[in-house]
Amino acid sequence: MTSDFEARLRAVSLRVTRPRLAVMAALSDHPHVDTDSVIALVRSDLPTVSHQAVYDVLRALTDSGLVRRIQPAGATARYEMRVRDNHHHVVCRSCGVIADVDCAAGNAPCLTASDDHGFVIDEAEVVYWGICPACVSNRPEGNP
């Protein structure tokens, strides 16, 4: 997997560094994690990496298009490696878990705006909200 990450970094003209590889590995294994979780995961391999180094790596990977930053309303920013496919997300209102939802229909941007106001729309971001199966099963009988 490391050689794949190295190739991806080189393809967008980024230097291959241990912190970049560690962040990519963390995001690959743990999609939709917040910055603090990324730092903890990276530090399991690189104990001396600084908070700022991880922030800088996340910014560089996001700016280059290798990583996607999402921030559902009221939630902290999360990061994922699944990019350029115009997928959406479902978020649990109870525990905050996030899952990917493939595009509902057709080609990007998946949705047609009722009025595009002259914009050339190339992406739609949809967040579905609900209660995940684990939270539903933990609810007392009769509570929605």
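Residues numbered from 1 in each chain as written. Predicted model: local features only at pLDDT ≥ 70, side-chain atom pairs only at ≥ 80, totals over all residues. Heavy atoms only, no water.

S.K.: Looking at this model, I keep getting lost on the overall build of the protein chain. Mind explaining?
M.R.: From N to C terminus, the protein chain includes five helices and five strands. When the elements of the protein chain are put in sequence order from the N terminus, they spell out α-α-α-α-β-β-β-β-β-α. Across the 144 residues that make up the protein chain, the buried fraction comes to 33%. For the protein chain, the distance from the average site of its 14 positive side-chain charges to the average site of its 18 negative ones is 7 Å. (Helix = DSSP H or I, 4+ residues; strand = E, 2+ residues; numbered from the N terminus. Buried < 20%, exposed > 50% of the residue type's maximum accessible area, 1.4 Å probe, protein only. Lys, Arg positive; Asp, Glu negative; His and termini not counted. Charge placed at Lys NZ, Arg CZ, Asp CG, Glu CD.)

S.K.: In this structure, what is going on with the packing of helix α2 (residues 18-29) against helix α3 (residues 35-45)? I would like to understand it.
M.R.: Each packed pair of helices is defined by two parameters, the angle between the axes and the distance between the axes. Across the interface, α2 lies against α3 with an axial gap of 9 Å and an inter-helix angle of 120°. Looking at the two axes, α2 sits oblique to α3. Judged by the twist between their axes, the crossing of α2 over α3 is right-handed. Taking contact as the criterion, the partners of Arg18, Ala22, Val23, Ala26 and Leu27 in α2 are, on α3, Val38, Leu41, Val42 and Asp45. (Axes fitted to C-alpha atoms, helices over the stretch in contact; angles between N-to-C directions. Parallel < 35°, antiparallel > 145°, perpendicular 65-115°, else oblique. Left-handed = near helix turned anticlockwise from the far one by under 90°. Contact = heavy atoms within 4.5 Å.)

S.K.: For this particular structure, what's the right way to read the pattern of salt bridges?
M.R.: Two side chains carrying opposite charge are able to pair once their charged atoms lie near each other. For the coordinates displayed, the defined rule picks out seven salt bridges. Across the pair Glu6 and Arg10 runs a salt bridge, and its minimum N-O distance is 3.9 Å. With Glu6 and Arg10 both in helix α1 (residues 2-11) and four residues apart, this pair spans about one turn of that helix. Given the relative accessible area of 24%, Glu6 is considered partly exposed. Put simply, Asp56 and Arg59 hold a salt bridge, and the shortest N to O gap is 3.2 Å. One end of the pair is Asp56 and the other is Arg59, both in helix α4 (residues 51-64) and three residues apart, which spans about a single turn. Classification of Asp56 as partly exposed rests on a relative accessible area of 34%. (Salt bridge = Lys/Arg side-chain N within 4 Å of Asp/Glu carboxyl O.)

S.K.: Can you walk me through the side chain of Thr35 in this structure?
M.R.: With respect to the helices and strands, the residue Thr35 is situated in helix α3. On the basis of relative accessibility, which here comes to 12%, the residue Thr35 falls in the buried class. Beyond its immediate chain neighbours, meaning those up to four positions away, Thr35 contacts Tyr55, Leu58, Ala77 and Tyr79.

S.K.: Looking at this structure, I do not really get the packing of α1 against α2. What am I missing?
M.R.: In the contact formed by α1 and α2, the axes pass within 10 Å of each other and the chain directions differ by 115°. With respect to their mutual orientation, α1 and α2 come out roughly perpendicular. Judged by the sense of rotation from one axis to the other, the crossing of α1 with α2 is right-handed. Between α1, through Thr2, Phe5, Glu6, Arg8 and Leu9, and α2, the contact on the second element is made entirely by Arg20, Leu21, Met24, Ala25 and Ser28.

S.K.: What should I look at first to understand the environment of Thr112 in this one?
M.R.: With respect to the helices and strands, the residue Thr112 is situated in the loop between β4 (98-101) and β5 (127-130). Under the relative-accessibility criterion, Thr112 is labelled exposed at 76%. Note: C-alpha distance between Thr112 and Glu123 (11 residues apart in sequence) is 9.9 Å.

S.K.: Looking at this structure, I do not really get the nonpolar core. What am I missing?
M.R.: It is characteristic of soluble globular proteins that their nonpolar side chains tend to be buried jointly. One finds Val23, Leu27, Val38, Val42, Val54 and Leu61 to be the most contacted residues of the largest nonpolar core, which totals 24 residues. At the level of secondary structure, the elements contributing two or more residues to this core comprise α1, α2, α3 and α4. Broken down by element, the residue count for this core peaks at six residues, all from α2. In this structure, Leu61 is in contact with Leu9, Leu14, Arg20, Val23, Met24, Leu66 and Val67, ignoring residues within four places of it in sequence. (Core = buried A, V, L, I, M, F, W, Y, C linked by side-chain atoms within 4.5 Å.)

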